[in-house]
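# Structural overview for review
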Amino acid sequence: MELNKIENILEKYFQGETTIAEEKQLKEYFSSPDVAQHLEQYKPMFGYFSQVKEQKSTQELPLQTKKRNVGWLSIAASFVVLLGIGTYFYVSEKNAAPVVAQSELGTYDNPEEAMAATQKALSLLSSNVNVGIGSVQYIKEYEQSKNKIFKQ
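Rules behind the numbers
Residues numbered from 1 in each chain as written. Predicted model: local features only at pLDDT ≥ 70, side-chain atom pairs only at ≥ 80, totals over all residues. Heavy atoms only, no water. Helix = DSSP H or I, 4+ residues; strand = E, 2+ residues; numbered from the N terminus. Buried < 20%, exposed > 50% of the residue type's maximum accessible area, 1.4 Å probe, protein only. Areas by Shrake-Rupley, 256 points an atom, 1.4 Å probe, with all protein chains shown as cover. Phe/Tyr/Trp six-rings, centres within 6.5 Å; stacked < 30°, edge-to-face > 60°. Polar contact = N/O pair within 3.5 Å; in protein donor to acceptor, adjacent residues only side chain to side chain. Contact = heavy atoms within 4.5 Å. Salt bridge = Lys/Arg side-chain N within 4 Å of Asp/Glu carboxyl O. Core = buried A, V, L, I, M, F, W, Y, C linked by side-chain atoms within 4.5 Å.

### Examining the overall build of the protein
Check the secondary structure of the protein and you find five helices and zero strands. Scanning the protein from its N terminus toward the C terminus, one meets helices and strands in the order α-α-α-α-α. Among the 152 residues that make up the protein, the fraction classed as buried is 9%. When the accessible surface of the protein is totalled, it reaches about 14,300 Å², and 59% of it is carbon and sulfur.

Structure, rendered in structure tokens:
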């Protein structure tokens, strides 16, 4: 009966489902001289656990720890954050477009001024269109020379 119980506890142990009391039973069983033949292979494992439990560490641990000066670190971090915020506002103020009043958006009180501004805008547009038309003339000449060389 005890052998079946030990085998069940051992299976639970390998599944990771045992309690501390069951693990103590396993350690007691494997530390005793009457271990079953087919369970003899687990004896060194449980013997190792009891052997390691008895070991004592002789290594000395340093008791003094280095103290960092955290105060200076926090002051430096605060300075960096304030410098970043200041730089952001300085650059954003510099790059901000000037605000134009709603009344200044292309409206004229004098009709002659409006006519002159319109003519100026149309002449600028016309000159750019004429440049495009000149480019079309080059394309026509290219097309004619291509047709002379490659007769279709």
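### Thoughts on the packing of aromatic side chains
Any aromatic ring pair is given by two values, namely how distant the centres are and how the planes are angled relative to each other. This model, assessed by the stated rule, comprises five aromatic pairs. A ring pair is formed by Phe 30 and Tyr 42, whose centres lie 6.5 Å apart and whose planes are at 75°; its orientation type is edge-to-face. Of this pair, Phe 30 sits in helix 2 (residues 20-31) while Tyr 42 sits in the loop between helix 2 and helix 3 (43-54), and the two are twelve residues apart along the sequence. Judged by relative accessible area, which is 3%, Phe 30 ranks as buried. Judged by relative accessible area, Tyr 42 falls into the partly exposed class, the value being 23%.

### Thoughts on the side chain of Glu 22
Inspection of the secondary structure assignment puts Glu 22 in helix 2. The class of Glu 22 is buried, set by a relative accessible area of 17%. Of note is the side chain of Glu 22, whose polar atom sits 2.9 Å from the side chain of Lys 12. Of the polar contacts made by the side chain of Glu 22, one reaches the backbone nitrogen of Thr 19; its length is 3.0 Å. In contact with Glu 22, other than residues within four places in its own chain, are Ile 9, Lys 12 and Glu 17.

### Re the pattern of salt bridges
Counted by the stated rule, this structure contains two salt bridges. Lys 12 is the salt-bridge partner of Glu 22, the closest N and O atoms lying 2.9 Å from each other. One end of the pair, Glu 22, is in helix 2; the other, Lys 12, is in helix 1 (residues 2-15), and ten residues separate them in sequence. Where Lys 146 meets Glu 143, a salt bridge forms, and the shortest distance between an N and an O atom there is 3.4 Å. With Lys 146 and Glu 143 both in helix 5 (residues 111-149) and three residues apart, this pair spans about one turn of that helix. For Lys 146, a relative accessible area of 26% translates into the label partly exposed.

### Things to note about the nonpolar core
Note on soluble globular proteins: their nonpolar side chains tend to be buried together. Formed by Ile 6, Ile 9, Leu 10, Leu 26, Tyr 29, Phe 30, Val 35, Ala 36, Leu 39 and Phe 46, the largest nonpolar core amounts to ten residues. The set of elements that each furnish at least two residues to this core consists of helix 1 and helix 2. In contact with Leu 26, other than residues within four places in its own chain, are Ile 6, Ile 9, Leu 10, Tyr 13 and Phe 46.

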